[in-house]
Amino acid sequence: MRTLYRQIATCIACLAFAAPSVAETVGSMTAYQTNIIRNDREAMNVGAGVALGDQLRSNTTGLGMLVFRDESSAKIGPNTSLTIDEFVYNPGSRSGKIDIRMNSGLARFYGGQVSKGGDMQVATPHMVLGARGGIIEVLVIAGQTVGILRAGRMTCMMNGRKLVITNPGHACTSDNDKLLTGYGGIDAFPILDSIERIAGTGLPGEPGPGLDVSAICASALGNSLKACKSTDGALPGVAMEFPDSPTPPVGSGVDEDDDCFPDCR
């Protein structure tokens with residue numbers, strides 16, 4: 001009988017070690033307009049939980065709203081691919097860390113508790129953007145990254161250089177190995193506003209239009225964007241595609257003396 005008990009105990013222990021760990025739920029989808037797919041197999045619906053390590057991809061008209069446990073959020077635009085790499089949140093101290101890897105597309109990030117007392121970063125194949133409170137927009141297109149500050153404070157880190165953006169409407173962009181700054185426009189990506197009319201309802205609205213880069217191309221920043229290079233005097237039509245081998249920078253070095261644009265107060 002004792003031998004039987006030992007065998008049962010051993011089997012239970014084996015099952016316990018063999019059981020896969022459940023990924024931590026870090027947020028949920030609160031609204032969507034058109035298709036957003038998780039991990040290349042599951043269509044997201046309102047109320048669906050988002051776990052650490054999940055990859056979300058939207059289609060050509062995709063729009064969705066993701067809210068994290070610390071009350072930060074992300075509006076996901078068309079042809080966007082992003083992955084939740086890290087989420088740590090201490091409600092008592094309102095501190096923690098959020099790392100999001102964004103390989104393509106367009107998104108608007110709203111800083112929550114972590115961005116005020118901790119570290120919220122978005123890594124693209126070209127640079128790392130940090131949000132301190134407020135709102136930032138990120139565009140990854142045509143081999144470049146653009147980060148635009150809407151409110152609060154934004155840092156841009158690339159190849160050991162760090163810029164701090166403090167004026168709403170100003171932006172940083174990657175240009176090969178250079179980190180440039182310029183005026184990105186007040187509302188360069190109005191497509192991201194359309195989801196507000198369906199937030200919290202779970203009802204699909206009118207399919208969103210394809211991403212139009214003409215607004216940002218008309219800004220001062222547009223002169224530095226490959227996507228805005230004129231063809232026969234006309235603004236180009238840009239087809240956004242997912243990169244085959246996304247390799248965001250890891251552990252980018254930062255100068256001790258930060259550059260501030262236009263100024264730091």
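Residues numbered from 1 in each chain as written. Predicted model: local features only at pLDDT ≥ 70, side-chain atom pairs only at ≥ 80, totals over all residues. Heavy atoms only, no water.

The chain has the name FecR protein domain-containing protein in an unreviewed UniProt entry, where Mesorhizobium delmotii is given as its organism.

A closer look at the state of the cysteines
Within this structure, the stated rule accounts for 1 disulfide. Paired by a disulfide, Cys-156 and Cys-172 hold their sulfur atoms 2.0 Å apart. Across the disulfide from Cys-156 to Cys-172, rotation about the S-S bond amounts to roughly -85 degrees, and the bridge is consequently left-handed. Separated by 16 residues along the polypeptide, Cys-156 in strand 10 (residues 144-158) and Cys-172 in strand 12 (residues 170-175) bring together distant segments of the chain. Residue classification places Cys-172 among the buried positions, given a relative accessible area of 0%. (Disulfide = S-S within 2.5 Å. Helix = DSSP H or I, 4+ residues; strand = E, 2+ residues; numbered from the N terminus. Buried < 20%, exposed > 50% of the residue type's maximum accessible area, 1.4 Å probe, protein only.)

Examining the pattern of salt bridges
Overall, the coordinates contain 10 salt bridges when judged by the stated rule. One salt bridge in this structure joins Arg-57 and Asp-40, with 3.5 Å as the shortest N-O distance. Of this pair, Arg-57 sits in strand 4 (residues 55-68) while Asp-40 sits in the loop between strand 1 (25-38) and strand 2 (42-43), and the two are 17 residues apart along the sequence. On the basis of relative accessible area, Asp-40 is assigned to the exposed category, the value being 55%. Of the charged contacts, one joins Lys-97 and Glu-86 as a salt bridge, the two residues approaching to 3.9 Å between their closest N and O atoms. Here the residue Lys-97 occupies a position in strand 7 (residues 95-110), and Glu-86 occupies one in strand 6 (residues 81-90), the gap between them amounting to 11 residues. One network of salt bridges, with partners in common, ties together Arg-38, Glu-42 and Asp-54. (Salt bridge = Lys/Arg side-chain N within 4 Å of Asp/Glu carboxyl O.)

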